[in-house]
Amino acid sequence: MRYPGTVIFAPEKWFIVVSHDEGFTLIEMDEDETGIVTGDVLYAKSWLGDGSKSLSCGNVIHRGQFWGSYDTRTAAMRKALQFVTKQD
């Protein structure tokens, strides 16, 4: 079974925050140009935990590095901005 999540924050095209039933997950996408934007619905086997996992958006399968789950939107968004700032 795959569970839905909605992209709520995408500060850069390769980092996204996904809102799901259990909280918020920060994901670094493996491809720079995924075409994933805020509002897209993604599916994953699990939104929890760290490590490389597959995600689907429509009929397209993507790989992403999960960098943790957070209880609040603010905490996940702050962590995403920290990662993006380090990349610059």
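Residues numbered from 1 in each chain as written. Predicted model: local features only at pLDDT ≥ 70, side-chain atom pairs only at ≥ 80, totals over all residues. Heavy atoms only, no water.

Draft legend 1. Region of interest: the overall build of the protein chain. Of the regular secondary structure elements, the protein chain holds one helix and six strands. For the protein chain, the sequential pattern of α-helices and β-strands runs β-β-β-β-β-β-α. Radius of gyration (C-alpha) of the protein chain: 11 Å, near the 12 Å computed for a compact globule of 88 residues. When its C-alpha atoms are laid out on the principal axes, the protein chain stretches across 35 × 30 × 25 Å. Expressed as a percentage of the 88 residues in the protein chain, the buried residues total 40%. At a minimum sequence separation of 6, the contacts of the protein chain that also span at least 24 residues come to 52%. Looking at the protein chain as shown, the accessible area adds up to about 5,000 Å², and 50% of this sits on carbon and sulfur atoms. (Helix = DSSP H or I, 4+ residues; strand = E, 2+ residues; numbered from the N terminus. Rg over C-alpha atoms; globule rule 2.2 N^0.38 Å. Buried < 20%, exposed > 50% of the residue type's maximum accessible area, 1.4 Å probe, protein only. Contact = heavy atoms within 4.5 Å. Areas by Shrake-Rupley, 256 points an atom, 1.4 Å probe, with all protein chains shown as cover.)

Draft legend 2. Structural view of the packing of aromatic side chains. By the definition in use, this model includes four aromatic pairs. Among the aromatic residues, those joined into a ring-pair cluster are Trp 14, Phe 15, Trp 67 and Phe 83. For Lys 53, the ring lying beneath its charged end belongs to Phe 66, and the centroid distance is 4.7 Å. (Phe/Tyr/Trp six-rings, centres within 6.5 Å; stacked < 30°, edge-to-face > 60°. Lys NZ or Arg CZ within 6 Å of the ring centre and 35° of its normal.)

Draft legend 3. Quick look at the side chain of Thr 25. Looking at where Thr 25 falls in the secondary structure, it is placed in strand β3 (residues 23-29). Using a relative accessible area of 0% as the deciding quantity, one classes Thr 25 as buried. Within the structure, the side chain of Thr 25 is placed 2.7 Å from the side chain of His 20, a separation counted as a polar contact. Setting aside its immediate chain neighbours within four residues, Thr 25 contacts Ile 16, Val 17, Val 18, His 20, Trp 47, Phe 66, Gly 68 and Ser 69. (Polar contact = N/O pair within 3.5 Å; in protein donor to acceptor, adjacent residues only side chain to side chain.)

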